[in-house]
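# Fold and geometry: a report
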Amino acid sequence: MALRIRAKILRVILSTSLGVVAILSAAAVTGILSMRREILTGGGKIGEIAYARSGESLEEQVRRHIAGMAGDKADLTSAKFRTVENRVRMIADIAGRIYSNPGRYPPRAIDYLHPDQAGQLIPHLSSAPGFSLAAHRDEVYRFANIVDMLRQAPGTDIEIHLNYAGTESGFTIGVGYWETPNETDYDARVRPWYIGAKAAGDIFWTDAITSYHSGVEIIVCAMPFYETANGMRIFRGAAGIDMEVSETVNNILESAEIGQNGYAFILDREGRVIFASKNGTAGDSRNIAGEDYLKHERKDVRDLAARMTRGEAGIQKLDLNGESVYIAYNPLPTVKWSLAVVVPETEVLSPVEENRQNILSLTRTELGNINREILGFFLVIGASVLILIGIVIFSAGKLANGIAAPIIAMDRDARIISKGNMEHVLSVKTGDELETLAESFDDMIKNIKKMSAGRERVETELNIAAAMQASMLPHKFPESEDFELYAEMLPAREVGGDFYDFFFTGERRERLVLLTADVSGKGIPAALFMVTARSLIRSQAQTGESLEQILFQVNNQLCENNEESMFTAVFFCVVDLSRGSLEFINAGHNFPLFARKDSPFSFFESSRGLPLGVEQNVHYTMERFFLEEGDTLFLYTKGMTDMENHEGEIFGKERLLEAADEFRNLAPRQFDEACRQRLAAFLNGAEPDDDITTLIFRYRGKKPDVSRGAL
Amino acid sequence: MESIKTRTESGINIAFKGRLNASTADDALKVIRDALDELREAEALDLDFREMTYLASAGIRVLIVAQKQISAKKCAMMIHNVSKDVWDVFELTGLDKFFDLRRA
């Protein structure tokens, strides 16, 4: 029981505390986790945003860089081309002057190039097939003055191979390097640059064409010149400067720093790639030179080519030759080409990606730190919770013990007291309600002690009363030759309501009154009623009235003030020793046993009246018969027959009859004892719950002359 | 000792069960007195002793009290279903004529 109290207290405290701890922990953990989630997503976002921002800005930078590069290259190239143009203009100007004012220019000898002179920078003559130097010597020699002009250019710029001026007459004078002179079948008039310049009437740039002389790809910048005479302009020829494409463009492009894999290319006015830089691995690996981008299989490339050939500038991202690239393009207006700078996206984005990786790894590191922090926090929380639980269990245990221990002690003390040790005192010194309870309990025990002392006193007094009651009954049995008499009243537990009585009346004390009575109920009321009834009967009997009158009077007196309706059954009889008769009245009493000498007992079944005290003015009927020698009258109250043994069997009249017959030859006292023993044996330890009163009278015969002894 | 009180057309019926002795007499007396308070003039109090197993003199005293008060109230009391053993007790005490008894 006590363990259960302790367990209950423990359970309540523990569940409450643990509940609180669990809720707080859950709140903390939830908060931390949501914070962590927030940080994780936030961190990730920050990384992504930083990445996107840096990507954007980097890309923008790269775009600007590429576009700037393309623009610079274009400008540079254009400037170079303009230089060439100016030079051509100057050559043409001089050529025009020579033709317009031949007189001012003395003839200068000039000849076809001698094979020995190959590779040397020597002015030389070449002419169309069928051209006769002899026929045009004056014209040729005067025009040879152009050489001074022509001589200025080649060699200073590596890309300029050859300056020359071709005439309508069919000869051409040039200064430059060439390796395979073939000067006698060169007709400038059919060359594209000549035709172009003549048609344009101004500066004309050819597309890339194959050099007549060297066979390499060249572009030619040409300018027509005219003889001016009398306000008339007569076309006389065209000046030209050869530029080797590869050299030119290389000079333009190779200085370009276009990253590791970037390259540049130039698109001519036909949309053909006339050159792709060799700079960078991509440029080498791709041989795009000669590709016609206007006829490219991809539309975006065709569109790009169209924009480029239209002379637009721009930058865009597109898929070129299976690679995503940024391409910036700018026109080269002099030659109507377009220069493009190509940078693979990977290269553009590599710093962006690097940046992203940096940010992400930074974020990851940061998140890792946060995770570690959170883990540490959880460990701290867990440890705190464990310590807290330990403290709670410890203090709850102490508290539970503090509450339960005095209860256990009180329980133990109460058990000791309940076993009858009323002197035991509960000693609980907790200083709280339990101590008060223990004190109240002690007070209660004290009161119980007082009460039980009182009760013991009452019991003692009742026992004394019972003894007194028993002692009130006569114990000195008269010695007589006429009869033998014995009577006994054994109260059950306390004072009872049974009594017997015998006394003599009559002038000569010849009348022996015998009676047994059974008062209803037990205890003091019954005892008092019994005393009253006995005194009334004794005094009334002394009047010498008839038995009927005696009981009539006694009954009426008992009925007066009998609020409790007490009553008593009486077998009231008078033996007239002088006559040898027996008169009796049965007032509600059980039937006595009666036996003649040498005959078995039988019940004395007379008529019966009401017990005394029930109702007033009851008339009793007396009966009378004569006694014979050896007659035995056995009066007994119902305690003798009605008591039960442990099996719930009552002793009963038959067993009493049997016993009486068995012991009929014994003297009254011994007879009584034997019958009582028989009853006791039957009860076999069952406690008597009723008084047992017996009276045995044996008549010895009529001896009229015998004098009576004193009672 | 148990008792069941029921109101009938003619009055009140109390059925007793068990032993009516010194220890149960007071309870029985209370039950009967309560019934007597309810009882109107000329009504009858019926006591059913079918399940009465034992009647002691203290129990008889209760019945005498009841009988006297019933008579004073000009009502009637009848004891029904009196077993042989209980009847013997009445007879033994000569009270079989004092009460209005009916055998079981």
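Residues numbered from 1 in each chain as written. Chains lettered and ligands numbered in written order. Predicted model: local features only at pLDDT ≥ 70, side-chain atom pairs only at ≥ 80, totals over all residues. Heavy atoms only, no water.

## Points about the overall build of chain A
Each helix and strand counted, chain A has 14 helices and 22 strands in total. Going through the 711 residues of chain A one by one, you find that 48% of them count as buried. Of the contacts formed within chain A by residues at least 6 apart in sequence, a portion of 67% connects residues at least 24 apart. Looking at chain A as shown, the accessible area adds up to about 34,400 Å², and 54% of this sits on carbon and sulfur atoms. (Helix = DSSP H or I, 4+ residues; strand = E, 2+ residues; numbered from the N terminus. Buried < 20%, exposed > 50% of the residue type's maximum accessible area, 1.4 Å probe, protein only. Contact = heavy atoms within 4.5 Å. Areas by Shrake-Rupley, 256 points an atom, 1.4 Å probe, with all protein chains shown as cover.)

## Observations regarding the sheet that holds strand β8 (residues 263-267) of chain A
Residue and element names in this part refer to chain A. Spatially, β9-β8-β12-β11-β10 is the arrangement adopted by the five strands of the open sheet, whose pairing is antiparallel. Edge positions in the sheet fall to β9 (273-276) and β10 (314-320), since each of these pairs with one other strand and no more. Strand-to-strand twist of the sheet, defined as the mean angle between neighbouring strand axes without regard to direction, takes the value 25°. Where β8 lies against strand β12 (residues 337-344), five bridges are found, and the strand directions are antiparallel. Residue pairing for β12: Leu 267 is matched across the bridge by Ser 338. Contacts from helix α7 (residues 299-309) reach β8, β10, β11 (323-332) and β12 within the one sheet, and its direction differs from that of β10 by about 150°. (Pairing = 2+ DSSP bridges. Axes fitted to C-alpha atoms, helices over the stretch in contact; angles between N-to-C directions.)

## Some thoughts on the interface of chain B and chain A
With 14 residues of chain B in contact, the opposing surface of chain A contributes 20 residues. Each partner contributes to the roughly 1,500 Å² buried at the junction of chain B and chain A, and carbon and sulfur atoms together form 57% of this total. On the chain B side of the interface with chain A, the three residues burying the most area are Ser57(B), Arg61(B) and Leu92(B), jointly 37% of the side's total. Counting the contacts that link chain B with chain A gives two salt bridges. (Buried area = accessible area lost by both parts, 1.4 Å probe. Salt bridge = Lys/Arg side-chain N within 4 Å of Asp/Glu carboxyl O.)

## Quick word on the sheet that holds strand β21 (residues 632-636) of chain A
Strand pairing in a sheet relies on backbone hydrogen bonds. The paired strands run either parallel or antiparallel. Sheet architecture is open: five strands sit in the order β13-β22-β21-β18-β19 (chain A), paired in antiparallel fashion. Single-partner strands in this sheet number two, and they are β13 (483-490) and β19 (602-603) of chain A.

## Observations concerning the nonpolar core
Membership of the largest hydrophobic core comes to 93 residues, with the highest contact counts inside it found for Phe697(A), Leu45(B), Phe90(B) and Phe99(B). Looking at this core element by element, the count peaks at eight residues for helix α2 (residues 57-72) of chain B. (Core = buried A, V, L, I, M, F, W, Y, C linked by side-chain atoms within 4.5 Å.)

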